[in-house]
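The chain contents come next:
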Amino acid sequence: MQLIPRHDPYLAVRSAGGVTVAALRGELDLVLVRHLRPELDALVRESGALTVDIRRLTFCDATGLGLLAHCAVRTRQRGSCWRLVCDQPWILRLIRLTELDDVLSPEEVAPGEPAGEPVDGWPGEFPEGWDPGPSAGLPDLVAPHWDAADPLLSGPGGARPFR
């Protein structure tokens with residue numbers, strides 16, 4: 001199994017014999033989804049079996065779940081095998097609450113257990129100590145804020161009514 005060369009601090013990929021393991025890390029939100037979607041779409045198209053390891057995520061919102069669901073559905077539509085590896089109770093609970101259990105079919109793996117058979121010492125996750133830093137090249141976004149004294153949603157683009 002060989003590491004696919006890339007310089008992405010949020011995605012590590014190993015592939016051999018049609019089996020691909022993609023390990024994600026960081027905050028799977030709108031910004032990271034936009035960044036990762038082309039890569040994951042390519043993996044879905046090219047893999048005979050795709051395992052997505054999300055044990056190193058620190059946050060996941062609806063757009064992140066949407067990307068995972070998109071990948072799961074497209075992988076199965078191609079007739080390929082899909083696996084989602086997760087050991088974080090808060091993500092598993094989020095999947096249950098959104099009723100995506102059947103779509104994502106998460107597999108609870110014990111912390112530290114590899115996502116698949118380790119090959120050449122690579123367990124399918126990021127090496128310990130690998131820290132890309134807080135922004136790692138992705139743009140910083142300024143979130144709008146709510147001012148209770150003024151019922152306007154204010155943000156970088158100015159204030160507008162919140163409806």
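Here the structure is a predicted model, which is why all the values come from computation and not from measurement.

Draft legend 1. Highlighting the pattern of salt bridges. The full count for this structure, using the stated rule, is 3 salt bridges. As a salt-bridge pair, Asp41 and Arg37 come within 3.6 Å of each other at their nearest N and O atoms. Taken as a pair, Asp41 and Arg37 lie in helix 1 (residues 30–46) at a separation of 4 residues, close to a single helical turn. For Glu107, the salt bridge is made with Arg83, and the minimal N-O distance between the two is 2.8 Å. Highlighted residues: Glu107 in strand 6 (residues 106–108) and Arg83 in strand 5 (residues 81–86), separated in sequence by 24 residues. Residue class for Glu107 comes out partly exposed when judged on its relative accessible area of 30%. Of the residues examined, Arg83 reaches a relative accessible area of 22% and is grouped as partly exposed.

Draft legend 2. Structural view of helix 2 (residues 62–77). For helix 2, which comprises 16 residues, the first-to-last C-alpha distance of 22 Å matches the rise-based estimate of 22 Å (1.5 Å per residue) to within 8%. Among the residues of helix 2, Gly64, Leu65, Leu67, Leu68, Ala69, Cys71, Ala72 and Thr75 are the ones counted as buried. Structurally, helix 2 contributes buried residues whose contacts are with strand 3 (19–28), helix 1, strand 4 (49–60), strand 5, helix 3 (89–97) and helix 4 (101–104). Positioned one or two residues after helix 2, Gly79 has a phi angle of 85 degrees, which is positive.

Draft legend 3. Here's a closer look at the state of the cysteines. For the structure on display, the rule yields 0 disulfides. Here Cys60 is not cross-linked by a disulfide; its sulfur's nearest cysteine counterpart is in Cys86, at 8.8 Å. Under the relative-accessibility criterion, Cys60 is labelled buried at 6%. Overall, Cys86 belongs to the buried group, its relative accessible area being 0%.

About the cut-offs
- Residues numbered from 1 in each chain as written.
- Predicted model: local features only at pLDDT ≥ 70, side-chain atom pairs only at ≥ 80, totals over all residues.
- Heavy atoms only, no water.
- Salt bridge = Lys/Arg side-chain N within 4 Å of Asp/Glu carboxyl O.
- Helix = DSSP H or I, 4+ residues; strand = E, 2+ residues; numbered from the N terminus.
- Buried < 20%, exposed > 50% of the residue type's maximum accessible area, 1.4 Å probe, protein only.
- Expected span 1.5 Å × (residues − 1).
- Contact = heavy atoms within 4.5 Å.
- Disulfide = S-S within 2.5 Å.

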